[in-house]
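The chain contents come next:
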Amino acid sequence: AQKITQTQPGMFVQEKEAVTLDCTYDTSDQSYGLFWYKQPSSGEMIFLIYQGSYDEQNATEGRYSLNFQKARKSANLVISASQLGDSAMYFCAMREGQRGGADGLTFGKGTHLIIQP
Amino acid sequence: ETGVTQTPRHLVMGMTNKKSLKCEQHLGHNAMYWYKQSAKKPLELMFVYNFKEQTENNSVPSRFSPECPNSSHLFLHLHTLQPEDSALYLCASSQTGTSVSEQFFGPGTRLTVL
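Residues numbered from 1 in each chain as written. Chains lettered and ligands numbered in written order. Predicted model: local features only at pLDDT ≥ 70, side-chain atom pairs only at ≥ 80, totals over all residues. Heavy atoms only, no water.

(A) Representation of the overall build of chain B in the model. Summing up its helical and strand segments, chain B has 0 helices and 11 strands in all. Principal-axis analysis of the C-alpha atoms places the extent of chain B at approximately 40 × 30 × 30 Å. Going through the 114 residues of chain B one by one, you find that 47% of them count as buried. Long-range pairs, those at least 24 residues apart, make up 53% of the contacts in chain B with a sequence separation of at least 6. As presented, chain B carries roughly 5300 Å² of accessible surface, and 50% of it is formed by carbon and sulfur atoms. Positive and negative side-chain charges in chain B, numbering 10 and 9 respectively, have mean positions lying 8 Å apart. (Helix = DSSP H or I, 4+ residues; strand = E, 2+ residues; numbered from the N terminus. Buried < 20%, exposed > 50% of the residue type's maximum accessible area, 1.4 Å probe, protein only. Contact = heavy atoms within 4.5 Å. Areas by Shrake-Rupley, 256 points an atom, 1.4 Å probe, with all protein chains shown as cover. Lys, Arg positive; Asp, Glu negative; His and termini not counted. Charge placed at Lys NZ, Arg CZ, Asp CG, Glu CD.)

Take a look at the structure:
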């Protein structure tokens, strides 16, 4: 079974609109972390936002926010006021285990977001 | 140099060649990672090193041999590869013990095996 599921292979969004990228996860650990990364065509993975399993508030970083619904095991990324430069692949990832550990990430298949002018 | 650097950025090799990928992090982190990104597949974790010690090998074939001489450098030695090993190889680093410990990635090495 997949641990990270991203159900939207591709999305087209009009510039300046908000966009929600879906992510559901599967783990039996009580302690875990959820990450979103952006990968432009250049290939480098850029960290966007993090949510810890014990964090009670949804994480926010500038135009990015994470809609964390623990009971539903979902961690959707919301990008407000989208810009042309937001066009990229977006990956949801999970780290299981203790916070702050040296554990590898499990990634979803990604969503290819295209912002249209 | 800043962040995480990887060399070479592109590599073409035959199945009988031996080559090495290099990763260097300039962030003072203690943990380093190798990931493989194949077309149409999620990123796959290959190896984890923490304070130079290998802590995870994700069932990677022995034709991939990692080396971590210190916390700033990570190598991936390649020999007798197969065409299906063609992929983008990404290196990452992180600082353990912090609240987030996000991983910072390098630009990757695009490997083509002929």
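(B) Spotlight on the pattern of salt bridges. All names here are of chain B. Summed over the entire model, instances satisfying the criterion amount to 5 salt bridges over all chains. Residue Glu-44 is joined to Lys-41 by a salt bridge in which the shortest nitrogen-to-oxygen separation is 3.7 Å. Given a relative accessible area of 30%, Glu-44 falls into the partly exposed group. Owing to a relative accessible area of 42%, Lys-41 belongs among the partly exposed residues under this scheme. Notably, a salt bridge pairs Asp-85 with Arg-63, separated by 2.7 Å at the nearest N-O pair. Of this pair, Asp-85 sits in the loop between β8 (73-79) and β9 (87-94) while Arg-63 sits in the loop between β6 (53-57) and β7 (64-70), and the two are 22 residues apart along the sequence. (Salt bridge = Lys/Arg side-chain N within 4 Å of Asp/Glu carboxyl O.)

(C) Focus on the interface of chain A and chain B. Each partner contributes residues to the interface: chain A has 21 residues there, and chain B has 25 residues. Note on chain A versus chain B: buried area summed over both sides is about 1700 Å², and carbon and sulfur give 57% of it. Counting every contact that joins chain A to chain B gives 0 salt bridges. The interface formed by chain A and chain B holds 6 residue pairs in polar contact (both at pLDDT 80 or more) in total. The set of elements that each furnish at least two residues to the side of chain A that touches chain B consists of β5 (32-39), β6 (46-52) and β10 (88-96) of chain A. Ranked by residues supplied to the side of chain A that touches chain B, first place goes to β5 of chain A with 3 residues. Its residues placed into classes, the side of chain A that touches chain B shows 9 nonpolar, 7 polar and 5 charged. (Buried area = accessible area lost by both parts, 1.4 Å probe. Polar contact = N/O pair within 3.5 Å; in protein donor to acceptor, adjacent residues only side chain to side chain. Nonpolar A, V, L, I, M, F, W, Y, C, P; charged D, E, K, R; others polar.)

(D) Representation of the pairing of strand β5 (residues 44-50) of chain B within the structure. Residues and elements named next belong to chain B. By the criterion of burial, β5 is predominantly enclosed, with 6 of the 7 residues buried. Examined bridge by bridge, β5 and β6 share 4 bridges and lie antiparallel to one another. The residue of β6 that forms the bridge with Val-48 is Glu-56. Between the end of β5 and the start of β6, which pair antiparallel, lie 2 residues, with Phe-51 showing a positive phi angle near 50 degrees. (Pairing = 2+ DSSP bridges.)

(E) Inspection of the state of the cysteines at higher detail. In this structure the tally under the stated criterion is 2 disulfides over all chains. Here Cys-23 of chain A is linked by a disulfide to Cys-92 of chain A, with a sulfur-sulfur distance of 2.0 Å. Taking the sign of the torsion about the S-S bond as the criterion, the disulfide between Cys-23 of chain A and Cys-92 of chain A, at about -65 degrees, is left-handed. With a gap of 69 residues between them, Cys-23 of chain A in the loop between β3 (19-21) and β4 (24-25) and Cys-92 of chain A in strand β10 connect regions that are remote in the sequence. Taking the relative accessible area as the measure of exposure, Cys-92 of chain A reaches 0% and is therefore buried. For Cys-23 of chain B, the disulfide goes to Cys-91 of chain B, at an S-S distance of 1.9 Å. The sign of the -75 degrees torsion about the S-S bond sets the Cys-23 of chain B-Cys-91 of chain B disulfide as left-handed. You can see Cys-23 of chain B sitting in strand β3 (residues 18-25) and its partner Cys-91 of chain B sitting in strand β9, a full 68 residues away along the chain. Each member of the pair, Cys-23 of chain B as well as Cys-91 of chain B, carries the same accessibility label: buried. (Disulfide = S-S within 2.5 Å.)

(F) View of the nonpolar core. With 25 residues, the main nonpolar core has Tyr-25, Trp-36, Ile-49, Leu-77, Tyr-90 and Leu-113 of chain A as its most contacted residues. Secondary-structure elements contributing two or more residues to this core are β2 (10-14), β3, β5, β6, β8 (64-69), β9 (74-79), β10 and β12 (111-116) of chain A. Broken down by element, the residue count for this core peaks at 4 residues, all from β10 of chain A. The next biggest cluster of nonpolar side chains, apart from the first, holds 22 residues, and it includes Val-4, Trp-34, Leu-76 and Leu-81 of chain B. (Core = buried A, V, L, I, M, F, W, Y, C linked by side-chain atoms within 4.5 Å.)

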